[in-house]
Amino acid sequence: MSFGDAVRAQLVQLGAALYDRGLTPGRTGNLSVRTEDEIMITPTNTCLGRLDPDRLAVTTVDGNHVGGDPPSKELVLHQALYRRHPTCTAVAHVHSTSAVAVSCLPGLSSDDALPPITPYYVMRVGRLPLVEYAPPGSAELSEEVSRAAERSRSVLMRNHGSLATAPSLESAVDAVEEIEETARLYLLLDGRSPGYLGEEAVAEVRRRFP
Ligand code: ZN
């Protein structure tokens, strides 16, 4: 199945929304969607605020370029997530400021880098495993992200940014936005001994909103 105009338009629209909110500065960040045998991803070296629907890159699920401009150098990350989550059809990845800032801090949990500040974080993100630094586009980073993705649909990469996969591009974008907002709250609360949701409250949110 190939990618229709509606899918292309949605990629352009959500890319612009992320850019307008300051979540994909410069030419950073990438979005993708997939069918059974192909992936459509934002092209390499492109600003998400100015995507051209006719130039979006198309590759096979194995990463062979078959249409549009050359794909993002971070395609391997998207492939790793799709491999681990066969039911997910969209990935959003951003280098948003607060998420990157948090990813550089010492003492983060590798199982869940951010605390459950609000129920919305628990609902939209769930858990945020932290992956140690490896060069962008490297097989090592792809392997580590792929392993972390077994535990969660969202991942934070040290000194780099966040990733989320979901059954729809809209949900994946919602998740990276939620990660950014929670990271911002975490930084704002630093040093103030804030109260977070307790284990019971988190379990209840997970029960009510699986
Ligand atoms: Zn990146």
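These notes cover the structure that comes with them. (Residues numbered from 1 in each chain as written. Predicted model: local features only at pLDDT ≥ 70, side-chain atom pairs only at ≥ 80, totals over all residues. Heavy atoms only, no water.)

## Some thoughts on the sheet that holds strand S2 (residues 38-41)
Think of a sheet as strands paired side by side through backbone hydrogen bonds, with each pair either parallel or antiparallel. Strand order in the open sheet formed by eight strands is S4-S3-S2-S1-S5-S8-S7-S6, and the pairing between neighbours is mixed. Each end of this open sheet is capped by a strand with a single partner; those strands are strand S4 (65-67) and strand S6 (130-131). Sheet topology note: the strand S7 (residues 154-157)/strand S8 (residues 161-166) ladder contains four bridges and is antiparallel. Across the sheet, the residue bridging to Met157 is Gly161, located in S8. Each of strand S1 (30-34), S2, strand S3 (57-60) and strand S5 (90-94) is contacted by helix H1 (residues 5-20), which is oriented at about 155° to S1, the strand it contacts most. Docked against the sheet, helix H6 (residues 169-188) engages S1, S5, S7 and S8, running at close to 150° with respect to S8. (Pairing = 2+ DSSP bridges. Helix = DSSP H or I, 4+ residues; strand = E, 2+ residues; numbered from the N terminus. Contact = heavy atoms within 4.5 Å. Axes fitted to C-alpha atoms, helices over the stretch in contact; angles between N-to-C directions.)

## So, the coordination of the zinc ion
Coordination of the zinc ion by the protein is provided by Glu74 (OE), Glu74 (OE), His93 (NE2), His95 (NE2) and His160 (NE2), with metal-donor distances spanning 2.0 to 2.5 Å. Written as a sequence motif, the donor residues of the zinc ion are E-x18-H-x1-H-x64-H. Under the relative-accessibility criterion, His93 is labelled buried at 0%. (Donors = N, O, S within 2.8 Å, 3.2 Å for Na, K, Ca; no water. Buried < 20%, exposed > 50% of the residue type's maximum accessible area, 1.4 Å probe, protein only.)

## Things to note about the nonpolar core
Generally speaking, soluble globular proteins have nonpolar side chains that are buried together. Leu11, Leu18, Leu31, Val33, Met40, Leu169 and Val173 are the most contacted members of the largest nonpolar core, which has 22 residues in total. Those elements giving two or more residues to this core turn out to be H1, S1, S5, S8 and H6. Sorting elements by how many residues they give to this core places H6 first, with five residues. If you look at the next biggest cluster of nonpolar residues, it comprises 17 residues, including Leu77, Leu81, Leu141 and Leu163. (Core = buried A, V, L, I, M, F, W, Y, C linked by side-chain atoms within 4.5 Å.)

## Some thoughts on H1
Over its 16 residues, H1 runs 22 Å from end to end, which matches the ideal 22 Å to within 8%, given 1.5 Å per residue. Arg8, Leu11, Leu14, Gly15 and Leu18 are the residues of H1 that are buried. Down the axis of H1, the buried side of the element spans an arc of 135°, and every buried residue falls inside it. Exposed residues lying more than 90 degrees from the buried face of H1 are Asp5, Ala6 and Asp20. (Expected span 1.5 Å × (residues − 1). Arc of directions from axis to C-beta.)

## Some remarks on the packing of helix H2 (residues 75-84) against helix H5 (residues 139-148)
In contact at an axis separation of 9 Å, H2 and H5 are set at 30° when each is read in the N-to-C sense. Accordingly, the angle class assigned to the pair H2 and H5 is roughly parallel. Along this stretch, H2 crosses H5, giving a crossing that reads as right-handed. Contacts between H2 and H5 involve Val76, Leu77, Ala80, Leu81, Arg83 and Arg84 from the first element and Leu141, Ser142, Val145 and Ser146 from the second. (Parallel < 35°, antiparallel > 145°, perpendicular 65-115°, else oblique. Left-handed = near helix turned anticlockwise from the far one by under 90°.)

## Examining the pairing of S8
Most of S8 sits inside the fold, with six of its six residues counted as buried. Pairing between S5 and S8: five bridges, direction antiparallel. Residue pairing for S8: Ala92 is matched across the bridge by Ala164. Remark: three residues form the turn of the hairpin made by S7 and S8, two consecutive strands paired antiparallel; Asn159 in that turn has positive phi of roughly 55°.

## Looking at the side chain of Arg158
Note on placement: Arg158 falls in the loop between S7 and S8. One polar contact links the side chain of Arg158 to the main-chain carbonyl oxygen of Ser103, over a distance of 2.9 Å. Within the local environment of Arg158, its side chain forms a polar contact with the backbone oxygen of Leu105, the two atoms lying 2.7 Å apart. Aside from chain neighbours lying at most four places away, what touches Arg158 is Ser103, Cys104, Leu105, Leu108, Leu130, Val131, Glu132 and Tyr133. (Polar contact = N/O pair within 3.5 Å; in protein donor to acceptor, adjacent residues only side chain to side chain.)

These figures capture arrangement, not role.
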